[in-house]
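# An overview of the molecular structure
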Amino acid sequence: MKKIVTIIFLFFLTSHFYGQKVNWISFEEAVKLTKENPKPMLVDVYTDWCGYCKKMDRITYGNKIISSYINENFYPVKLDGEQREDLIYKDYTFKYKPSGRKGYHEFAAALLNGKLSYPTTVFMNEKLELLDRVPGYLSPDIMEQVITYFADKKYKTETWQDFVKSFVSNLK
């Protein structure tokens, strides 16, 4: 009986922190929505074979506080760095380019400035201008700082170092 109660307790505790999901949309859909209702964009550039991408999906984007904040403040886009489908943006068709064992998508290469590192989180403002790229796995505590920095437009008035010094987390 104690085991069952413990399992149920752990289930509810876990679902409290990891229950919500990010409402991912396509880049084209985010562009359209931005024109109708301006909002910054968060682009998660990933690949299917990337272990840290999967970990970030599970732990960081699976965190209820993080996913809720992203859904509220950004148009969240999932972009496969090796997707085979064309992507049209600003009257240009970005395509998949075979290269090496896998290949890459031209749009991912453009967003990442040719540095195909996965995962990389890209931030764009309401005017669809690139703000910054943050390569690598971001744990929930780091992601919280990064998304707050961009959503609250602190990048316009504060350095990252000053922002982090005064940041108060909602995760704890």
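Residues numbered from 1 in each chain as written. Predicted model: local features only at pLDDT ≥ 70, side-chain atom pairs only at ≥ 80, totals over all residues. Heavy atoms only, no water.

### Digging into the sheet that holds strand 1 (residues 41-46)
Note the cut-off: Any two strands between which DSSP finds at least two bridges are classified as paired. Helix and strand labels come from DSSP, where a helix needs a run of H or I of at least four residues and a strand needs a run of E of at least two; each type is numbered from the N terminus. Angles here are taken between N-to-C directions and fall from 0 to 180 degrees, while the axes themselves are lines fitted to C-alpha atoms, restricted in helices to the stretch in contact.
Ordered in space as 2-1-7-8, the four strands form an open sheet in which the pairing is mixed. Looking at the sheet topology across the chains shown, the edges are occupied by strand 2 (75-80) and strand 8 (130-135). Neighbour-to-neighbour, the strand axes of this sheet turn through a mean angle of 20 degrees, independent of strand direction. Where strand 1 and strand 7 (residues 120-124) come together, five bridges link them in antiparallel fashion. Paired with V45 across the two strands is T120, which belongs to strand 7.

### Observations regarding the packing of aromatic side chains
Remark: the centre distance and the inter-plane angle together describe each pair of aromatic rings, the angle taken between the planes. How we decide: Ring pairs shown here join Phe, Tyr and Trp side chains whose ring centres sit within 6.5 Å, with only the six-membered ring taken for Trp; geometry is labelled stacked below 30 degrees between planes, edge-to-face above 60, and tilted in between. Between buried and exposed lies partly exposed: a residue is buried under 20% and exposed over 50% of the maximum accessible area for its type, with that area taken using a 1.4 Å probe on protein chains only. Here, a charge over a ring means that NZ of Lys or CZ of Arg falls within 6 Å of the ring centre while also lying within 35 degrees of the ring normal.
Using the criterion set out here, one finds 17 aromatic pairs in the structure. Here the aromatic rings of Y52 and Y137 are separated by 5.9 Å at their centres, their planes lie at 45 degrees, and the arrangement is tilted. Of this pair, Y52 sits in helix 3 (residues 51-60) while Y137 sits in the loop between strand 8 and helix 6 (140-151); the two residues are 85 residues apart in sequence, bridging distant segments of the chain. Look at Y137 and you get partly exposed, because its relative accessible area is 25%. Each residue in the set F74, F123, Y149, F150, Y155, W160, F163 and F167 is aromatic and connected to the rest through ring pairs, giving one cluster. The side chain of K55 reaches across the aromatic face of Y137, ending 4.9 Å from its centre. A cation over an aromatic ring shows up here: R84 above the ring of Y96, its NZ or CZ 4.1 Å from the ring centre.

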